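Chain residues, written in single-letter form:
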Amino acid sequence: MATAARAASCTPAACAVLVIPILVLIMAGQVRVAEALSIGVNYGQIANNLPSPSRVSWLLRSLKINKVKLFDADPHVLRAFLGTGVEFVIGIGNEAVPAMASPAAAESWLQLHVVPHLRAGARITCITVGNEVFKGNDTALQASLLPAMRSVHQALGALGLQGRVNVTTAHSLDIMGVSYPPSAGTFHPSAAPHLQPFLAFLSAARAPFLINCYPYFAYKDDPARVPLEYVLFQPNAGVVDPRTRLVYDNMLYAQVDAVYAAIQAMGHTDIDVKVSETGWPSRGDPDEAGATPENAGTYIGNLLRRIEMKQGTPLRPQAPIDVYVFALFNENLKPGPASERNYGLFYPDGTPVYNVGLRGYLPPMASHGAATQIHQCFPIEMKTDGTFLISLNSYESIFA
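What counts, and where the lines are drawn
- Residues numbered from 1 in each chain as written.
- Predicted model: local features only at pLDDT ≥ 70, side-chain atom pairs only at ≥ 80, totals over all residues.
- Heavy atoms only, no water.
- Axes fitted to C-alpha atoms, helices over the stretch in contact; angles between N-to-C directions.
- Helix = DSSP H or I, 4+ residues; strand = E, 2+ residues; numbered from the N terminus.
- Parallel < 35°, antiparallel > 145°, perpendicular 65-115°, else oblique.
- Left-handed = near helix turned anticlockwise from the far one by under 90°.
- Contact = heavy atoms within 4.5 Å.
- Nonpolar A, V, L, I, M, F, W, Y, C, P; charged D, E, K, R; others polar.
- pLDDT = per-residue confidence, 0-100.
- Buried < 20%, exposed > 50% of the residue type's maximum accessible area, 1.4 Å probe, protein only.
- Polar contact = N/O pair within 3.5 Å; in protein donor to acceptor, adjacent residues only side chain to side chain.
- 1 Å grid on protein atoms, 1.4 Å probe; cavity = no way out; pocket = protein on both sides within 12 Å on 5 of 7 lines; lining within 4 Å.
- Points joined across faces, edges and corners; volume = space filled by probe spheres on them.
- Pairing = 2+ DSSP bridges.
- Right-handed = clockwise from strand over helix to strand, strands pointing away.
- Expected span 1.5 Å × (residues − 1).
- Bend = angle between axes of the 7 residues up to and from the residue.

1. What to know about the packing of helix H6 (residues 103-113) against helix H8 (residues 139-158)
Here is step 1 of the chain: With their axes 8 Å apart at the nearest point, H6 and H8 run at an angle of 60° to one another. As the angle between them shows, H6 and H8 are arranged oblique. Both H6 and H8 take part in a crossing whose hand is right-handed. Residues Pro103, Ala106, Glu107 and Leu110 of H6 touch H8, and the partners they reach there are Ser151, Val152, Ala155 and Leu156.
Here is step 2 of the chain: Of the residues belonging to the contact of H6 with H8, the class tally is six nonpolar, one polar and one charged.

2. Some points on the environment of Leu315
Here is step 1 of the chain: Assignment of secondary structure puts Leu315 in the loop between helix H13 (293-308) and strand E14 (323-325).
Here is step 2 of the chain: For the pair Leu315 and Tyr260, spaced 55 residues apart in sequence, the C-alpha separation works out to 8.5 Å.

3. Let's talk about the confidence of the model for the protein
Here is step 1 of the chain: On average, residues of the protein carry a pLDDT of 86, and 83% of them reach 70 or more.
Here is step 2 of the chain: With pLDDT under 50 throughout, residues 1-34 is counted as low confidence; its partners more than four residues away or in other chains account for 59 contacts.
Here is step 3 of the chain: In the model, residues 368-400 has pLDDT below 50 throughout and makes 71 contacts with residues more than four positions away in sequence or in other chains.

4. Focus: unusual backbone geometry
Here is step 1 of the chain: Cis geometry marks the peptide bond from Tyr180 to Pro181; its omega dihedral reads -5°.
Here is step 2 of the chain: One can find Pro181 in the loop between strand E8 (176-178) and strand E9 (186-187).
Here is step 3 of the chain: Phe326 connects to Ala327 through a cis peptide bond whose omega is 10°.
Here is step 4 of the chain: Position of Ala327 relative to the elements: it lies in the loop between E14 and helix H14 (370-375).
Here is step 5 of the chain: Here Lys64, not a glycine, exhibits a phi torsion of approximately 65°, which is positive.
Here is step 6 of the chain: With respect to the secondary-structure elements, Lys64 resides in the loop between helix H3 (53-62) and strand E4 (67-69).
Here is step 7 of the chain: Phi is positive for Phe233, close to 65°, though the residue is something other than glycine.
Here is step 8 of the chain: Following the sequence through the fold, Phe233 ends up in the loop between helix H11 (228-231) and strand E11 (239-240).

5. Some remarks on the side chain of Gln142
Here is step 1 of the chain: Within the secondary structure, Gln142 sits in helix H8.
Here is step 2 of the chain: You can call Gln142 buried: its relative accessible area is 10%.
Here is step 3 of the chain: A polar contact of 3.4 Å, which involves the side chain of Gln142, links it to the backbone oxygen of Val133.
Here is step 4 of the chain: Ignoring any residue separated from it by four or fewer positions in sequence, one finds Gln142 in contact with Val133, Phe134, Gly136, Asn137 and His194.

6. Considerations on the layout of surface pockets
Here is step 1 of the chain: Estimates place the volume of the largest pocket at around 1400 Å³.
Here is step 2 of the chain: Around the largest pocket, the lining is made up of 50 residues, and of these Glu132, Ser172, Asn212, Tyr214 and Phe217 lie nearest the centre.
Here is step 3 of the chain: Elements that contribute at least two residues to the lining of the largest pocket include exactly strand E5 (87-92), strand E6 (123-131), strand E7 (166-172), helix H10 (215-221) and helix H12 (251-265).
Here is step 4 of the chain: Among the residues making up the lining of the largest pocket, the classes are represented as 23 nonpolar, 14 polar and 13 charged.

7. Topic: the pairing of E6
Here is step 1 of the chain: Pairing of E5 with E6 involves six bridges; the strand directions are parallel. Residue pairing across strands places Glu87 opposite Arg123, the latter belonging to E6.
Here is step 2 of the chain: Here E6 runs beside E7; their pairing, made up of four bridges, is parallel. Looking at E7, one finds that Cys126 is bridged to Asn166.
Here is step 3 of the chain: This β-α-β element, E6 to H8 to E7, shows right-handed connectivity.

8. Observations regarding the sheet that holds strand E3 (residues 40-42)
Here is step 1 of the chain: With parallel pairing, eight strands are arranged side by side around a closed barrel as E3-E4-E5-E6-E7-E10-E13-E14. Geometrically, the sheet is characterised by an average inter-axis angle of 25° between neighbouring strands, direction not taken into account.
Here is step 2 of the chain: Both strand E10 (residues 209-212) and strand E13 (residues 273-278) contribute to a ladder of four bridges, which runs parallel. In the sheet register, Ile211 faces E13, and the bridge partner there is Val275.
Here is step 3 of the chain: Across the sheet, H6 is in contact with E5 and E6; its angle to E5 comes to roughly 140°.
Here is step 4 of the chain: H13 contacts E13 and E14 of the sheet and is inclined by roughly 150° relative to E14.

9. Points about H8
Residues spaced three or four apart along an α-helix face the same direction, because each turn holds 3.6 residues.
Here is step 1 of the chain: Compared with an ideal rise of 1.5 Å per residue, which puts 20 residues at 28 Å, H8 spans 30 Å between its outermost C-alpha atoms and is within 8% of the ideal.
Here is step 2 of the chain: In the structure, H8 departs most strongly from a straight axis at Leu145, where the bend amounts to approximately 35° and where the proline Pro147 lies between one and four residues downstream.
Here is step 3 of the chain: Where H8 is buried, its residues meet E5, helix H5 (97-100), H6, E6, E7 and helix H9 (192-205).
Here is step 4 of the chain: N-cap assignment for H8: the residue whose side-chain oxygen lies 3.3 Å from the backbone N of Ala140 is Asp138.

Below, the structure is given as structure tokens:
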């Protein structure tokens, strides 16, 4: 890589220039994030060309991202992030949800996929049981969701982990029957019977309601009627909710408040809504309007700025919106239209797909060339848990 090649012969001043954009703070000889971003990221792995989890660990820390959502409980990822302080949402796949209705199976899953990593120091804060379960027509899966969540929650209690790890599931926005105006938000009639006891569970467990929101879909389906500025957080006249008179200048916030309204319509005001996925594809098929790097960069860049402003929605302005961007990398094996393989912030080689001001560093693959070149600037030791140590003495001598 070009960066590694430059590092091979850098002077002390050049080393400073190389290291500062990585946005890391060297303390006690260990790489630490200077100040974490508020946004999280979905780390999907449906690809055959992604960097190793240990390299991804370095990339995310250099980006100052310390919230990661997985769709499984990949032990290689969890081990690679030990000691980094990054907190994880991990997942139980839809195929395993029916089995989790058994308390014994739920406890066995936790003993295998959660307990060893927590003991080793991993930060696992949430388990999602299934993903977008109500989007399809699998009624058996839908009926097993809440029993599975209860079993996992009870098993966490038996292991002394309730309060440390919560349990929920992520929903598609298709779960909404009405989403406009936001104050009229209601759940789809087919999902409503399942959702009343589900919301009662979330309320009792103090767990969040996770929703996957993609304003891109609304624009793609009707680009002639959906203003691009409204979905990209760009200046626009906004939309006024006729019931509340609240003004919405972007679709994402309107979607989130519609979910809040639907939850409230079922009698709950104590459940937080978090955006478990949102993003914009940088490329799509010919019939996928708006899937361009320019639009993707505008959407993510403007979203990042609002998140860092601690902005809330019009309905809950004092509660900063909690968002996980989809996704970290383009994933070349995802099925479906071209857009599905092009939601990444980065290409697998660590190159940004578009520029939103995130400057990260993906270390080169461990080989005798590139790795030793960086060592000539800073003596770096890679630990067995995937973290990196840099000699503090060398760091001080460079900046002396």
